[in-house]
Amino acid sequence: MERNNKIRHHTELNGEERLIVRRGQPFSVTLHLKPGSQEFTPGETSFTLIVQTGPLPREESDTKVSFGLSDSTVEAEWSASATPGPSGNTVSVSISSSPNAPIGVYSLTLDQEGQKTSLGDFTLLYNPWYAVYMSSETKRQEYVLAQHGLIYRGTHKRNKGTPWNFGQFEPGILDICFKILDENPKFVSNADQDCCARRNPIYVTRVLSAMINSNNDRGVLVGEWYDFEGGVHPTDWIGSGDILQQWAESGPVSFGQCWVFAAVECTVSRALGIPCRVVTNFESAHDANANLVIENIYDENGEDISEGDSIWNFHVWVDSWMTRPDLGSDYDGWQASDPTPQEESEGVFCCGPVPLKAIKEGELTKKYDAPFVFAEVNADVVNLIRMSNGEDVMFSSSTKSVGRNISTKAVGLDERHDITHQYKYPEGTEEERKVYEKAQHHNKLQKKGEEPGLHLKIKLAKNMVIGSDFEVHAVLRNNCMVARTCNFMLFANAVGYNGKRGESCGFVSSKVEYTRYGSLITSDRLIQLVAITMDKQTRSYHKAEKTIVLDEPDIEIKVQKDGWAELLLLNPLPEPLEDCSFTVEGVGLTDGKPITLKYVTVGPKEEAKTSVDFTPSSAGSSVLLVNFRSNKLKNIRSFINITVQE
């Protein structure tokens, strides 16, 4: 019967010896009658069942419910029916929870004529097969049950899926997810109200958006973009399980960045039964002053002196699937929420959930945080030169540069799925401009075209591997009938994925050399190239900009039949790698914890080679993730699909 419950409720992957069920759907328990007890007779024998959750269960809050036996269970409320077992000394009880019941750990008590008997506890989750309804079984398999995925990083033209172990069904993770809810400030201030509100996935998703970061509370992750002393570099994490277990043991974990925040929220959402996907927005705007315009300001030497607004090379958040009874059925479906602490919402660092339809249609009054998310994917951009007299002169603008190739993992495939069309109409179309103008209201942006006679662009080499020198060219074309005299600069900067410039790699003539960029770039392997020219006759400025991501070396993984794998990586740098290590993790393969194998030094152009033993704990499909790090190379990932036979 226990196995039947797990199969019907899609909780067999939890693998725990306890009852875990999904709301709005019947589950069965078997009662064993004491010796000498009367046999159970349908229609004559009666008893009452009491379910309770939270520290202060109350009937008024629906955290305590009493219900008797009926001829059959009903879908709309807590109900039960019972039939005698074949031997006469057992009773099979079918219990159906309310589809709107709060999720949580419940106690189950039998009350027969005032004599109460505890029947134990069970855990109630959201039900994407019923109450948080998602109609496609293949999508439920991907967005609820899949324990691994890909998170896309890089630039909109050159990106790659980073493998991640969500591990939502690993031992202990579900308890940690409920601990997160119990640690949130709303629970601390009013536990009764908070537990009651857990019936609503909108509420829970907003709580998770705040609790995955630690800015206002004892949340899971500490965000850091510059100084990683005393913590784990965000690129070193390869799964959510290690992070959640560390948080449960000792509080906020150092450190996270956007893809780590999003991956952990995805794990917790899937564990609780909310369908969830990790989403990457390339060229993602951070609109600090909420005017739906990103204002890039440069001095006369081309240095970025912008004040608050920025464009991240990529930013990662999550979409969660749910109904929106507060907004109407038109807004059911995917809802964006973001646990990365960027701006406060209602006094707390959280964002969403907001319907994708509201973003696409420019409905910025819809809850929650629609203006901020709309700007992330659809803000307009103006480029300004701040003259020596303090005047800002606009030299170019763009309506198409923000929100490129919005990506998530494809359903059932290790491929990128472009979902830009779910967030906005095609750039430059009449529909997209109408939506922007509706969202902008009175704050319309007056467009100004570039000087028609001069066109500036940057050309790149085809292969740009970290460790190599590579060619870049800036091309300035004069389509005018007269000659123009121009000042010209081309320079390179290290840059973080959040668009923050690092140190300069210097002015570029024809090559970007490893000796100039090697010690400056971050683990994101991003370099920003900027070309600026000024027409001396018209004093008009022109600017071209490209952010490039350098190709990383491949990790070769060879899995052997007798439970071990060989790992190999070629050092592409012209200098040795120190403090090298491979970290390996796989659901059902590494006992829920990463395995780290240290490798002291790898010479220039030499191979790092090692092997790892693993013991599968269950049959079926899994994924082995591998991460390589060293003092010079970090965030080198690979994975291989593994099928474990019985």
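Residues numbered from 1 in each chain as written. Predicted model: local features only at pLDDT ≥ 70, side-chain atom pairs only at ≥ 80, totals over all residues. Heavy atoms only, no water.

- For the protein, an unreviewed UniProt entry supplies the name Protein-glutamine gamma-glutamyltransferase 2 and the organism Myripristis murdjan.
- Under the UniProt heading Sequence similarities (unreviewed entry), the entry covering the protein gives this text: "Belongs to the transglutaminase superfamily. Transglutaminase family." (UniProt positions renumbered as here; feature names shortened; annotations may be inferred.)

**A few points about the sheet that holds strand β32 (residues 564-570)**
And then number 1: Reading across the sheet, the three strands line up as β31-β32-β35 and stay open at both edges, with antiparallel pairing between neighbours. Every interior strand has two partners, whereas the edge strands, β31 (555-560) and β35 (607-613), have only one. Mean inter-strand twist for the sheet, computed between neighbouring axes without regard to direction, equals 15°. (Pairing = 2+ DSSP bridges. Helix = DSSP H or I, 4+ residues; strand = E, 2+ residues; numbered from the N terminus. Axes fitted to C-alpha atoms, helices over the stretch in contact; angles between N-to-C directions.)

**Here's the deal with the packing of aromatic side chains**
And then number 1: Overall, the coordinates contain 21 aromatic pairs when judged by the stated rule.
And then number 2: A centroid spacing of 5.5 Å and a plane angle of 80° characterise the contact between Trp312 and Tyr497, whose relative ring orientation is edge-to-face. Here Trp312 is found in strand β15 (residues 310-322), whereas its partner Tyr497 is found in the loop between β26 (486-495) and β27 (501-507), with 185 residues between them in sequence. Tyr497 carries the same exposure label as Trp312, and that label is buried.
And then number 3: Put simply, the rings of Phe27, Phe67, Trp78, Tyr106 and Phe122 pair up and form one aromatic cluster.
And then number 4: Over the face of the ring belonging to Trp247 we find Lys179, whose NZ or CZ atom lies 5.7 Å from the ring centre. (Phe/Tyr/Trp six-rings, centres within 6.5 Å; stacked < 30°, edge-to-face > 60°. Buried < 20%, exposed > 50% of the residue type's maximum accessible area, 1.4 Å probe, protein only. Lys NZ or Arg CZ within 6 Å of the ring centre and 35° of its normal.)

**With respect to the environment of Glu16**
And then number 1: Mapped onto the secondary structure, Glu16 falls in the loop between α1 (2-8) and β1 (19-22).
And then number 2: Judged by relative accessible area, which is 15%, Glu16 ranks as buried.
And then number 3: Residues Glu16 and Pro171, 155 residues apart in the sequence, show an inter-C-alpha distance of 7.3 Å.

**Examining the layout of surface pockets**
And then number 1: In this structure, the largest pocket occupies an estimated 1,300 Å³ of space.
And then number 2: What lines the largest pocket is a set of 43 residues, and nearest its centre among them are Glu283, Lys543, Ala544, Glu545 and Lys546.
And then number 3: The set of elements that each furnish at least two residues to the lining of the largest pocket consists of β14 (293-298), β15, β20 (380-386), β21 (392-398), β24 (454-460) and β30 (541-549).
And then number 4: With seven residues, the single largest contributor to the lining of the largest pocket is β30.
And then number 5: When grouped by side-chain class, the residues that make up the lining of the largest pocket number 13 nonpolar, 17 polar and 13 charged.
And then number 6: Size it by volume and the second largest pocket reaches roughly 1,000 Å³.
And then number 7: Around the second largest pocket, the lining is made up of 38 residues, and of these Leu13, Gln147, Val587, Ser618 and Ser621 lie nearest the centre.
And then number 8: A per-class count over the lining of the second largest pocket returns 13 nonpolar, 17 polar and eight charged. (1 Å grid on protein atoms, 1.4 Å probe; cavity = no way out; pocket = protein on both sides within 12 Å on 5 of 7 lines; lining within 4 Å. Points joined across faces, edges and corners; volume = space filled by probe spheres on them. Nonpolar A, V, L, I, M, F, W, Y, C, P; charged D, E, K, R; others polar.)

**Brief notes about the side chain of Ser320**
And then number 1: Inspection of the secondary structure puts Ser320 in strand β15.
And then number 2: Its relative accessible area of 0% is what places Ser320 among the buried residues.

**Thoughts on the domain arrangement of the protein**
And then number 1: On domain assignment, one finds that the protein holds domain 1 (1-125), domain 2 (137-439), domain 3 (454-549) and domain 4 (555-644).
And then number 2: Computed from C-alpha coordinates alone, the two centres of domain 3 and domain 4 are separated by 36 Å.
And then number 3: With six residues of domain 3 in contact, the opposing surface of domain 4 contributes eight residues.
And then number 4: Across the domain 3 to domain 4 interface the summed buried area is about 570 Å²; carbon plus sulfur atoms make up 60%.
And then number 5: Viewed at the interface, domain 4 and domain 3 are joined by zero salt bridges.
And then number 6: Counting the contacts that link domain 3 with domain 4 gives two residue pairs in polar contact (both at pLDDT 80 or more).
And then number 7: Across the side of domain 3 that touches domain 4, the residue classes tally to three nonpolar, two polar and one charged. (Domains from an automatic or database assignment. Contact = heavy atoms within 4.5 Å. Buried area = accessible area lost by both parts, 1.4 Å probe. Salt bridge = Lys/Arg side-chain N within 4 Å of Asp/Glu carboxyl O. Polar contact = N/O pair within 3.5 Å; in protein donor to acceptor, adjacent residues only side chain to side chain.)

**Quick notes on the nonpolar core**
And then number 1: Core analysis: the largest hydrophobic core is formed by 55 residues, its most contacted members being Trp164, Val220, Ile243, Trp259, Val268 and Leu272.
And then number 2: Elements represented by at least two residues in this core include exactly β9 (148-154), α3 (173-183), α6 (201-211), α7 (240-250), α8 (258-272), β13 (276-286) and β15.
And then number 3: No other element matches α8, which puts 11 residues into this core.
And then number 4: Of all hydrophobic cores here, the second largest spans 44 residues; its members include Cys505, Ala531, Leu550 and Leu577. (Core = buried A, V, L, I, M, F, W, Y, C linked by side-chain atoms within 4.5 Å.)

**Describing the pattern of salt bridges**
When the charged atoms of two side chains lie near each other, side chains of opposite charge can form a pair.
And then number 1: Under the defined criterion, the tally for this structure stands at 31 salt bridges.
And then number 2: A salt bridge links Arg58 to Asp192; the nearest nitrogen and oxygen atoms lie 3.3 Å apart. Separated by 134 residues along the polypeptide, Arg58 in the loop between β3 (48-53) and β4 (64-68) and Asp192 in helix α5 (residues 191-197) bring together distant segments of the chain.
And then number 3: Residue class for Arg58 comes out partly exposed when judged on its relative accessible area of 37%.
And then number 4: One salt-bridge network, in which partners are shared between bridges, spans Arg58, Glu60 and Asp192.

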